[in-house]
Amino acid sequence: MAFFANFPAITVDFTQKTDSVTTIQVIQDLSTNIAMTILPQDLDTMCLKYTIKDGELPESLSIKFYGNPDYGWTIQYVNGIANINNEWPLNSLELLEYVSNKYGALNINALNCYQKIPEGFIMDQTFITDMYGSQFVQPMTNMDIEDAINEQKRFIYIIKPENITRFVSTFNSALAS
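Procedures and definitions
- Residues numbered from 1 in each chain as written.
- Predicted model: local features only at pLDDT ≥ 70, side-chain atom pairs only at ≥ 80, totals over all residues.
- Heavy atoms only, no water.
- Helix = DSSP H or I, 4+ residues; strand = E, 2+ residues; numbered from the N terminus.
- Buried < 20%, exposed > 50% of the residue type's maximum accessible area, 1.4 Å probe, protein only.
- Contact = heavy atoms within 4.5 Å.
- Phe/Tyr/Trp six-rings, centres within 6.5 Å; stacked < 30°, edge-to-face > 60°.

Quick notes on the environment of Thr15
Stage number 1. As for its position among the elements, Thr15 is in the loop between strand E1 (9–13) and strand E2 (24–28).
Stage number 2. For Thr15, a relative accessible area of 27% gives the class partly exposed.
Stage number 3. Considering only alpha carbons, one finds Thr15 and Gln25, 10 residues apart in sequence, at a separation of 9.9 Å.
Stage number 4. Apart from the residues within four sequence positions on either side, Thr15 is in contact with Val21, Thr22 and Thr23.

What follows is the structure in C-alpha cells.
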C-alpha cells in the first residue's frame, strides 16, 4: 500500500532460537503516530460530505474522486477509521451474516428494545409507555438496531480533489518530522 511507503524504516531481527541462519529485515515502522488535528470547521471547508453506497471501499472512492486508489487511506484518516473491518459499513448481505452470527440465526428479528418516536431514544418499553404513552413506542429488532448502527457509518467526509495533494504533502511532512 502506497500509504506506508513514507513511514520510517526499522531493522527487525526475526531469527528464532532454533534457526541456523540469522534473519534480519528492514520493514516500515507501522507504530509511527501522526497527529494532525483537523478541526470540525476545517472538515466542512476542505471536505465533501458523502454517503457510502453498498460495496464502496476507500480505494474505490479514491478512484472515483482522485482517479487512483492510492488515496484511500486519506478517507480513513480524515474520518478516524482505524479498523475498516469494524468501522466501515457492511453491505446488506454482510450485515445479515453479522447479525446472524451475533444474535443467532433464529434471533435476527427478535425484539431488542423500544424506540421513542420521533427522538429515537432507545429505552425499555415499560419506561417509554409509562412516561409517554404507547403511541410513541416503536419496537426495534436486533436487525433494526444493527442496521441503524451500520447506516450511521455511511456518513463520511472525503477530501475535496483540489485539496488532496496539499493534504498528502502536509501529512508526509508531519511524518518526516
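Quick notes on the packing of aromatic side chains
Stage number 1. In the structure shown here, the tally under the stated rule is 7 aromatic pairs.
Stage number 2. For the ring pair Tyr77 and Phe171, a centre distance of 5.2 Å and an interplane angle of 80° mean the geometry is edge-to-face. Of this pair, Tyr77 sits in helix H3 (residues 72–78) while Phe171 sits in helix H8 (residues 161–176), and the two are 94 residues apart along the sequence.
Stage number 3. By relative accessible area, which is 23% here, Tyr77 ends up partly exposed.
Stage number 4. The class for Phe171 is buried, based on a relative accessible area of 1%.
Stage number 5. Grouping aromatic residues by their ring pairs yields a cluster made of Tyr50, Phe65, Tyr66 and Tyr71.

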